[in-house]
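Reading the structure
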Amino acid sequence: MIKFTERNLATPKQMRPVYLVAFGQSDYRKRYPEKKTEELCIEAFRMMALDNKLKVDGIQELKGYIHSCYYGHFADHFGDQLLGEALIHDRLGLDPMGNVGIKSGGATGGSTLWMAANAVASGYSDSVLCMGWERMDEVDTWTGNHYISTAADKDYETELGHIYTGYYALMAQRYWKTFGQSSPAFRRTMSKIAVKNHGYAVSNPYAQAPARITVEDVEKSPIVADPLRFYDACLMSVGAASVLLCDEETAYKLTDDPIRFYITAGSHTLRAADRRHMEIPLLPNEKDNDEIKKTYAGLYGDSNIERYPGFTGFLAARMAAYYAYNMTGIVDPCTDLDLVELHDAFTISDIQTYEDIGLRPYGQGPDYVESGDAYLIDPATGKRGRLPSNLSGGLIGCMHSVGATGIMQVGEIFWQLQNRWAEFHEPEHRWTRWGKEKPADFENLQVPDAKRGLAISHAGVGSHVTCSVLMRPESVIKK
Amino acid sequence: MSKHEFSFNNMNPGATVLQRLDPMVIEKPRNPIHVHTYGGETPFFRGLTEGKLMATKCMNAKCDPAGQEGDYFLPPRVYCPDCLEKMEWVDITELARATAKVHTHITVEHPGAFNQVPMPCELISVEIEGVATVIMSQLTGGKGEIGMKIEPIFNTAKPSFTILDLAWKPRS
């Protein structure tokens, strides 16, 4: 059903404000034989409970606040354990409080936040645990790729190579040949994203793949599915992340510095094959802009080069942003926000998402990177970027521990908005804790005076997308 | 190691194998067989084994389609995604022979495990006139280009009874 009515497009409501109160995570690794998943989840919970200056006397007092629990874990076959959420819930000692497992592919972390936030917003619970994890190291990489490919349509897609990278690459090729006009400059922009995100991961003690690489390294890395190379793809990870969401009264009882939390969701067909041509739902910064309307008529109009959203855009991301901007009062994300964490499953899908969420108009995504906006400090000019993206390192540099990913993104923004990024990333003990040495080229990635942030959690080739918006309470736009 | 004999190479399929002692890590092999039905989409998969490309079309006069181009669905659907009435099967083999084009294409170099397609392989998405959707498939006998004219070929001699029974070749 994609023929919209006003009811379909109604602005989502929270019946009362929701606040993010605390965040904790494990570190992330490709293989983690030293610890069971249960241990990683408890480590994330302990950090959330003990390191966030909460006004409680330890773990048990905090557990006394939790009213319901939301667990994100996508791929049962990876961990070879059904009902894993019951195991984790038991090990956390939170029985007999109600809990539920949530799964929506790569967007599992985001969807779990969506359900948890709605429980608070509706009044069902005053305080909820939202935790996600994934264990992807029980099988080798290529069996892992097969497992991931079973999240495509098994009758019509999976058989064709058993490789999700391939299904993304079909979209990438279309984008690169139409909007990117096959130009080496466009390839270079994709490479810069991999360089940027691996580089930001260097200053993240939790990250799996810190690396100082060059554009040439990316472009010389092996092709997985042309045009996507090894460095264009996200990681496969083991790890856990955890946040506590509360209503206003409970939030201020627990912390002096809670952050307002909003979240919305969109979806689209599992198979890119089924995406029928339709009108573009316009975002607030597009709907009264004649130039953009003219551009879109050229791209998708009667003499169309492209179907919309076709293979070049993600309607699910557009819908999530559409709801989120209308819900929160964001008009121009590049002006109204201070940082973003995007779902960089692949460099190309990162670029496509810039357009879906209105950082740039459709067809002009690469400019977000090329203008320097996507950096904390643009390495080319030394100037501050307007809207730094994926300072955690993202899925390419930090992790894609699927159920935890969307929660990690939101948590990293939370610490940024609290101006506590350095506290969680800089001290030696944050590194030695995971058996790591703090790198000599560590950089302080705190965004000065950050007030608002946004995170995108994304599944499949765009089957589910959530859009989280975080704001400091004094910087809320829509009162 | 004094008390027990640990074997790191157990030749008995299905049996647990010790991989590491500390932390203790074991291997758990398995090889289950899944029995899977194509149900109401059987005409499509049976069609491939008979050299036919079968699509579906909504015949409900009251249906208000959400998409803006094409009536046929390929991949087929048993029920119309807009009105949820049962659709009708239509043989579009000749339509595909006359009008199919490459919408996008890639070369896969590294497949996932259990892949049956010889590598490297050319994956394509296929545009056909009057078809609302753009099916994923494989190209043989050429390198894909956007807009390339193609026609379907079918593995009727030794079918695999999967989507791999359908491929496309450049149309002369």
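Let us look at the structure shown here. (Residues numbered from 1 in each chain as written. Chains lettered and ligands numbered in written order. Predicted model: local features only at pLDDT ≥ 70, side-chain atom pairs only at ≥ 80, totals over all residues. Heavy atoms only, no water.)

1. Thoughts on the overall build of chain B
Spelled out, the test is: Only DSSP runs of H or I with at least four residues qualify as helices, and only runs of E with at least two residues qualify as strands; both kinds are numbered from the N terminus onward. The rule is simple: take the accessible area with a 1.4 Å probe, protein chains only, and divide by the maximum for that residue type; under 20% is buried, over 50% is exposed, in between is partly exposed. Between two residues, a contact is recorded if the distance between any of their heavy atoms is within 4.5 Å. Computed with the Shrake-Rupley method and a 1.4 Å probe, the accessible areas treat only the protein chains shown as cover for residues. Here the positive residues are Lys and Arg and the negative ones are Asp and Glu; neither His nor the chain ends is included. Charged side chains are reduced to one point each, which is NZ for Lys, CZ for Arg, CG for Asp and CD for Glu.
Across its full length, chain B carries two helices and 10 strands. C-alpha extents for chain B along the principal axes are approximately 80 × 40 × 30 Å. By the burial criterion, 41% of the 172 residues in chain B qualify as buried. At a minimum sequence separation of 6, the contacts of chain B that also span at least 24 residues come to 52%. Counting only carbon and sulfur atoms, one obtains 52% of the accessible surface of chain B, whose full area is about 9,800 Å². Computing the positive centroid from 17 side-chain charges and the negative centroid from 20, chain B places the two 4 Å apart.

2. With respect to empty space enclosed by the protein
Operational definition: Lining residues are defined by having an atom within 4 Å of a point belonging to a cavity or pocket. Those points lie on a 1 Å grid over the protein atoms alone, cavities being sets where a 1.4 Å probe fits but cannot get out and pockets being open sets with protein on both sides within 12 Å along at least five of seven lines. Grid points are joined across faces, edges and corners, and a volume is the space filled by probe spheres set on the points. Three categories are distinguished: nonpolar for Ala, Val, Leu, Ile, Met, Phe, Trp, Tyr, Cys and Pro, charged for Asp, Glu, Lys and Arg, and polar for the others, with Gly belonging to the last.
As enumerated under the stated definition, the model contains two cavities of 30 Å³ or more in all. If you add up the space inside the largest cavity, you get close to 60 Å³. Surrounding the largest cavity, A:Glu157, A:Tyr167, A:Leu170, A:Ala272, A:Ala273, A:Phe311, A:Val461, B:Ser125, B:Val134 and B:Met136 form its lining. For the lining of the largest cavity, the residue count by class is eight nonpolar, one polar and one charged.

3. Points about the packing of helix α1 (residues 37-50) of chain A against helix α4 (residues 84-91) of chain A
All names here are of chain A. Stated precisely, the cut-off is as follows: Axes here mean lines fitted to C-alpha atoms, for a helix over just the part in contact, with angles spanning 0 to 180 degrees between N-to-C directions. By the definition adopted for this analysis, an angle is roughly parallel if under 35 degrees, roughly antiparallel if over 145, roughly perpendicular if from 65 to 115, and oblique otherwise. Helix crossings are classified by the rotation of the near helix relative to the far one: an anticlockwise turn of less than a right angle makes the crossing left-handed, while a clockwise turn makes it right-handed.
Following both chains from N to C, one finds α1 and α4 inclined at 55°, their axes separated by 10 Å at the closest point. Between α1 and α4, the angle is such that the two are oblique. As α1 packs across α4, the resulting crossing turns out to be right-handed. Along the contact surface, α1 presents Thr37, Glu38, Cys41 and Ile42, while α4 presents Leu87, Ile88 and Arg91. Considered class by class, the residues forming the contact of α1 with α4 number four nonpolar, one polar and two charged.

4. Section: the layout of surface pockets
Residues and elements named next belong to chain A. Approximately 890 Å³ is the volume attributed to the second largest pocket. Elements with a minimum of two residues in the lining of the second largest pocket: α3 (76-79), α6 (141-149) and α8 (164-178). Per-element accounting of the lining of the second largest pocket gives the leading share, five residues, to α6.

5. Digging into the environment of A:Arg307
Rule in force here: Here a polar contact is taken to be a pair of N or O atoms separated by no more than 3.5 Å, where protein atoms must pair a possible hydrogen donor with a possible acceptor and residues adjacent in sequence count only if both atoms sit in side chains.
For A:Arg307, the position within the fold is in the loop between α12 (290-300) and α13 (315-328). Its relative accessible area of 10% is what places A:Arg307 among the buried residues. Residues A:Arg307 and A:His277, 30 residues apart in the sequence, show an inter-C-alpha distance of 5.0 Å. Within the structure, the side chain of A:Arg307 is placed 2.8 Å from the backbone oxygen of B:Ala132, a separation counted as a polar contact.

6. A word on the interface of chain B and chain A
Our working definition: Throughout, the accessible surface (probe 1.4 Å) given up by two parts as they are put together, summed over both, is called the buried area. When a carboxyl oxygen of Asp or Glu lies within 4 Å of a side-chain nitrogen of Lys or Arg, that pair is called a salt bridge.
Every contact between the two is made by 53 residues of chain B and, on the other side, 39 residues of chain A. Together chain B and chain A conceal approximately 4,200 Å² of surface at their shared face, both sides included; 58% is due to carbon and sulfur atoms. Remark: the boundary between chain B and chain A carries three salt bridges. Residue A:Arg276 pairs with B:Asp82 through a salt bridge whose shortest N-O separation is 2.9 Å. Here chain B and chain A share 21 residue pairs in polar contact (both at pLDDT 80 or more) between them. Tallying contributions element by element places strand β6 (residues 101-108) of chain B first for the side of chain B that touches chain A, with six residues. Along the lines of polarity and charge, the residues of the side of chain B that touches chain A split into 28 nonpolar, 15 polar and 10 charged.

7. Observations concerning a nonpolar patch on the surface
Residue and element names in this part refer to chain B. The cut-off we apply is this: Patch membership requires more than 30% relative accessible area and the absence of a salt bridge. Residues of like charge join within 9 Å; the nonpolar side chains Val, Leu, Ile, Met, Phe, Trp and Tyr join within 5 Å.
A grouping of Leu21, Met24 and Ile26 is seen on the molecular surface, where their side chains present a nonpolar patch of about 290 Å² in accessible area. Relative to the elements of secondary structure, Met24 occurs in the loop between β1 (17-20) and β2 (25-27). Note on Met24: relative accessible area 59%, which makes it exposed.

8. Here we look at the packing of aromatic side chains
Put simply, the rule is: Here is the rule: rings of Phe, Tyr and Trp (six-membered ring for Trp) pair when centre to centre is within 6.5 Å. Planes less than 30 degrees apart are stacked, more than 60 are edge-to-face, and the remainder are tilted.
Tallied over the entire structure, the rule returns 28 aromatic pairs over all chains. Geometrically, the ring pair formed by A:Trp176 and A:Phe186 is tilted, given 6.1 Å between the ring centres and 40° between the ring planes. Placement of A:Trp176 in helix α8 and of A:Phe186 in helix α9 (residues 184-201) is noted, with a sequence separation of 10 residues between them. Owing to a relative accessible area of 4%, A:Phe186 belongs among the buried residues under this scheme. Arranged with centres 3.7 Å apart and planes meeting at 10°, the rings of B:Tyr38 and B:Phe45 form a pair that is stacked. Of the residues examined, B:Tyr38 reaches a relative accessible area of 22% and is grouped as partly exposed. The buried category is assigned to B:Phe45, whose relative accessible area is 5%.

9. A word on the pattern of salt bridges
For the coordinates displayed, the defined rule picks out 38 salt bridges over all chains. Between A:Arg188 and A:Glu219 there is a salt bridge, and its shortest N-O distance comes to 3.9 Å. In this pair, A:Arg188 is assigned in helix α9 and A:Glu219 in helix α10 (residues 215-220), connecting sequence segments 31 residues apart. With a relative accessible area of 23%, A:Glu219 lands in the partly exposed category. Among the ionic pairs, B:Arg97 bridges to B:Glu151, the shortest N-O distance being 4.0 Å.

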